[in-house]
Amino acid sequence: MTRATSIPETVTLHVPFRIVKRGGRKEMQLPEGATQPRRTDNTLVKALTRAFRWKRMLESGEFVTIAELAQREGIAPSYMTRVMRLTLLAPDLVEAILDGKQGSEVTLARVLEPFPTEWEEQQDLLCRPT
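Residues numbered from 1 in each chain as written. Predicted model: local features only at pLDDT ≥ 70, side-chain atom pairs only at ≥ 80, totals over all residues. Heavy atoms only, no water.

1. Digging into the overall build of the chain
Looking only at helices and strands, one finds 6 helices and 2 strands in the chain. In the chain, the order of α-helices and β-strands from amino to carboxyl end is β-β-α-α-α-α-α-α. Against the globule reference of 14 Å for 130 residues, the chain gives a C-alpha radius of gyration of 22 Å, more extended than a compact globule. With respect to the three principal axes, the spread of C-alpha positions in the chain is 80 × 30 × 20 Å. Carbon together with sulfur atoms contributes 53% to the accessible area of the chain, which is approximately 9,600 Å² in total. Mean positive and mean negative side-chain charge positions of the chain (19 and 17 charges, respectively) differ by 8 Å. (Helix = DSSP H or I, 4+ residues; strand = E, 2+ residues; numbered from the N terminus. Rg over C-alpha atoms; globule rule 2.2 N^0.38 Å. Areas by Shrake-Rupley, 256 points an atom, 1.4 Å probe, with all protein chains shown as cover. Lys, Arg positive; Asp, Glu negative; His and termini not counted. Charge placed at Lys NZ, Arg CZ, Asp CG, Glu CD.)

2. Concerning the side chain of Asp41
For Asp41, the position within the fold is in the loop between strand E2 (25-29) and helix H1 (42-59). In terms of polar contacts, Asp41 uses its side chain to reach the side chain of Thr43, at 2.7 Å. Here Asp41 is in contact with Arg22 and Gln102, once residues within four sequence places are set aside. (Polar contact = N/O pair within 3.5 Å; in protein donor to acceptor, adjacent residues only side chain to side chain. Contact = heavy atoms within 4.5 Å.)

3. Details of the packing of helix H2 (residues 66-73) against helix H3 (residues 77-84)
Put simply, H2 and H3 touch, their axes get as near as 9 Å, and they point 105° apart. The pairing of H2 with H3 is recorded here as roughly perpendicular in orientation. Residues Ile66, Ala67, Leu69, Ala70 and Glu73 of H2 form the contact with H3, whose own contacting residues are Pro77, Met80, Thr81 and Met84. Of the residues in the contact of H2 with H3, the class split is 7 nonpolar, 1 polar and 1 charged. (Axes fitted to C-alpha atoms, helices over the stretch in contact; angles between N-to-C directions. Parallel < 35°, antiparallel > 145°, perpendicular 65-115°, else oblique. Nonpolar A, V, L, I, M, F, W, Y, C, P; charged D, E, K, R; others polar.)

This is how it looks when you write it as structure tokens:
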């Protein structure tokens, strides 16, 4: 059997993308308008989980102070207070983070920085490109 058309040995495919650093690792970013698969930021989810767990432990009376809890967890109290501030994030931001829909501008480093307590102001600050 012979074919009428020859099959090329090399096929070149051009995919426009750029490499960006996110959370200490490199990530591929597709151009505007391209659909990206949802990807959960595990470090951000882990920080949220810790924050709400620590809040529950303090509210239940299991630990009296942040310093006591931080000592048990083996971390600095200042870091614990920065992470616990994540419990003040707007519910829709928390949901977006858990669903992997938060956008590339919402990183752990960015949410650990001081942010407003007003939910609308959080959206404006955290969801705009840096």
